[in-house]
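Per-entry structural report
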Amino acid sequence: PDDGIGNNPGIFFYQLATFATFYHCPERAAAVLGPMYFGDPAAAIVGRLLGTTSACFQLRPGDAHALRHAPRQPLPATKTAEGALGFTAASLAWLWLACAMPPLPAAAVAATLAYVELTSGWVDNVMVVAVSAAFAESSIVPVLLGVGISIFYYSIIAPAEQRTVVLQAVKAYWEFLRPHTIIGTLLSIGVMSTVAVFSLPDVSAESGDHGWGHTTVFGAVTVAWFAALHMNVYIVGLNQMFDIPIDLINKPYLPVASGEFPVPYGWALVVTHGCASVLTAWAFGTPALLWTVVVSGTLGTVYSMPGSLMRWKRFPTLAAMCIFVIRGIVVQVGFVEHINQAFVRRHPDVLPPDVLDNEIVVFSVLFFVAMGVAIALFKDIPDIAGDATAGVETLAVRLGARQVVRLCTTLMLLAYFVAAFYWLGR
């Protein structure tokens, strides 16, 4: 009764998901529906026994009015981070033991379902089934249908009070993601994957398709996007968790600093995103993709985490190195090599060109190393007040905003000047 199940659409979504799954893929129904039917009770039990942490957005009477008048107060919740852990454990056990899924893919799916459980609010039931079906069928279509149903529910069916909380929750989570980094990650993977595909040998004559198969290309790029976006959120989320005192001065609108996300919930998101990234790359990607996300996550960790040999953001040279190594080297080389290795899996007798023999990749590395240094210096300018208060001596704190702007502008103009001459001379 405390969960307000009478006003919760969860029961409806259970029935809808069950009917759709048995109708569409009865042979995979156990793998698709098991996590929901066994994970939810596990989440409830563990959450009741251990849960003290707000984790998923739910609404109680009167909350919407309070939120409208105090938009930065903690979001209401009845689920717990501990419950999400219980959900993950139950899903992993079911997929591994009952559905005979290998342990590594089962762990990757369970980590993804934990993320869904933490962030989906009222529609977690339909989204858990959608994600499970996507893995079982190797198709993104169930996820698109789940998102469509969720949008339909919150746009038309849900009461106005629910919409108020959901809109605020979506806005807070979007700010937690640091969307400018998400856009950069999506574009860089798309561009470098395109570069890789166009440099691959043409095997259409022997395979009967164009190049090496649209499905394989889409699958490789999709796995890269999933793994990289999860790692992106892990890195920016970890930085927010360790920078709360600084963000109270520089970025008080961020959800952890503002109090919208309780600190344990922020940690639950960070850990879930990090695990989902590594496990997805390990289970469904290539060694190059795993190497890419692990190196990125390691540098992101030493950049933010306190410690005598850590917290590299305190030192301008090390801070710039973290960013230009990730954006300039790891991303450019790692995702091209990921596509190459996926190609070899499909055509083991045909060797793709070496990454460093691709002049576009080499040019991209050099260009984005310069841009990475500029990004590393530029991003500290709005944070001068908080960094100075916390004793983080960035170059912007040492030299001042005007000098850093001049330095970065010169570096970027030089990079674009060289790029223009390179392309004109091709």
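Quick look at the structure, then. (Residues numbered from 1 in each chain as written. Predicted model: local features only at pLDDT ≥ 70, side-chain atom pairs only at ≥ 80, totals over all residues. Heavy atoms only, no water.)

1. Description of the overall build of the protein chain
For clarity, the cut-off: Secondary structure elements follow DSSP: runs of H or I of four or more residues count as helices, runs of E of two or more count as strands, with numbering from the N terminus. Here's how the labels work: a residue is buried when its accessible area is under 20% of the maximum for its type, exposed when over 50%, partly exposed in between, all with a 1.4 Å probe on protein chains only. Should any heavy atoms of two residues lie within 4.5 Å, those residues are considered in contact. With residues, only the protein chains shown are counted as cover, and all accessible areas are computed by Shrake-Rupley using a 1.4 Å probe.
Broken down by element type, the protein chain carries 20 helices and zero strands. For the protein chain, with 426 residues in total, the buried portion stands at 50%. Taking all contacts inside the protein chain whose residues are at least 6 apart in sequence as the whole, residues at least 24 apart take part in 73%. Surface exposure of the protein chain reaches about 20100 Å², of which carbon and sulfur atoms provide 71%.

2. So, the packing of aromatic side chains
Put simply, the rule is: The pairing test for Phe, Tyr and Trp rings, Trp by its six-membered ring, is centres within 6.5 Å, and the orientation test on the planes gives stacked under 30 degrees, edge-to-face over 60, and tilted for anything in between.
In this structure the tally under the stated criterion is eight aromatic pairs. Geometrically, the ring pair formed by phenylalanine 242 and tryptophan 267 is edge-to-face, given 5.4 Å between the ring centres and 75° between the ring planes. One end of the pair, phenylalanine 242, is in helix 11 (residues 214–242); the other, tryptophan 267, is in helix 14 (residues 263–284), and 25 residues separate them in sequence. By relative accessible area, tryptophan 267 is classed as partly exposed at 32%. Arranged with centres 5.0 Å apart and planes meeting at 80°, the rings of phenylalanine 261 and tyrosine 265 form a pair that is edge-to-face. Note on accessibility: phenylalanine 261 and tyrosine 265 belong to one class, buried. Following the ring pairs from residue to residue traces out a cluster consisting of Phe363, Phe367, Phe368 and Tyr416.

3. A look at the side chain of serine 364
Within the secondary structure, serine 364 sits in helix 17 (residues 359–378). Take serine 364: its relative accessible area is 8%, and that puts it in the buried class. Discounting chain neighbours no more than four positions away, the residues touching serine 364 are Met192, Gly328 and Gln332.

4. Observations concerning a nonpolar patch on the surface
The condition that has to hold: Each patch is built from residues lacking any salt bridge and having more than 30% relative accessible area; the joining distance is 9 Å for like charges and 5 Å for nonpolar side chains (Val, Leu, Ile, Met, Phe, Trp, Tyr). Salt bridge, as used here, is a side-chain nitrogen of Lys or Arg placed within 4 Å of a carboxyl oxygen of Asp or Glu.
Nonpolar side chains collect at one region of the surface, where Leu414, Phe417, Val418 and Phe421 lie side by side and expose about 430 Å² of accessible area between them. On the secondary structure map, leucine 414 appears in helix 20 (residues 401–424).

5. Concerning the nonpolar core
Which entries qualify depends on this criterion: The set of buried Ala, Val, Leu, Ile, Met, Phe, Trp, Tyr and Cys residues whose side-chain atoms join them within 4.5 Å is what this entry labels a nonpolar core.
Within the largest apolar cluster, 40 residues are counted, with the highest numbers of intra-cluster contacts made by Phe176, Phe261, Leu269, Leu289, Leu299 and Phe335. Contributions of two or more residues to this core are made by helix 4 (81–98), helix 8 (160–177), helix 9 (179–198), helix 11, helix 14, helix 15 (287–304) and helix 16 (316–346). Considering every element that reaches this core, the biggest residue donor is helix 11, with 10 residues. Leucine 299 has contacts with Trp312, Cys322, Val325 and Ile326, leaving out every residue within four places of it along the chain. If you look at the next biggest cluster of nonpolar residues, it comprises 18 residues, including Ala106, Val109, Val126 and Val128.

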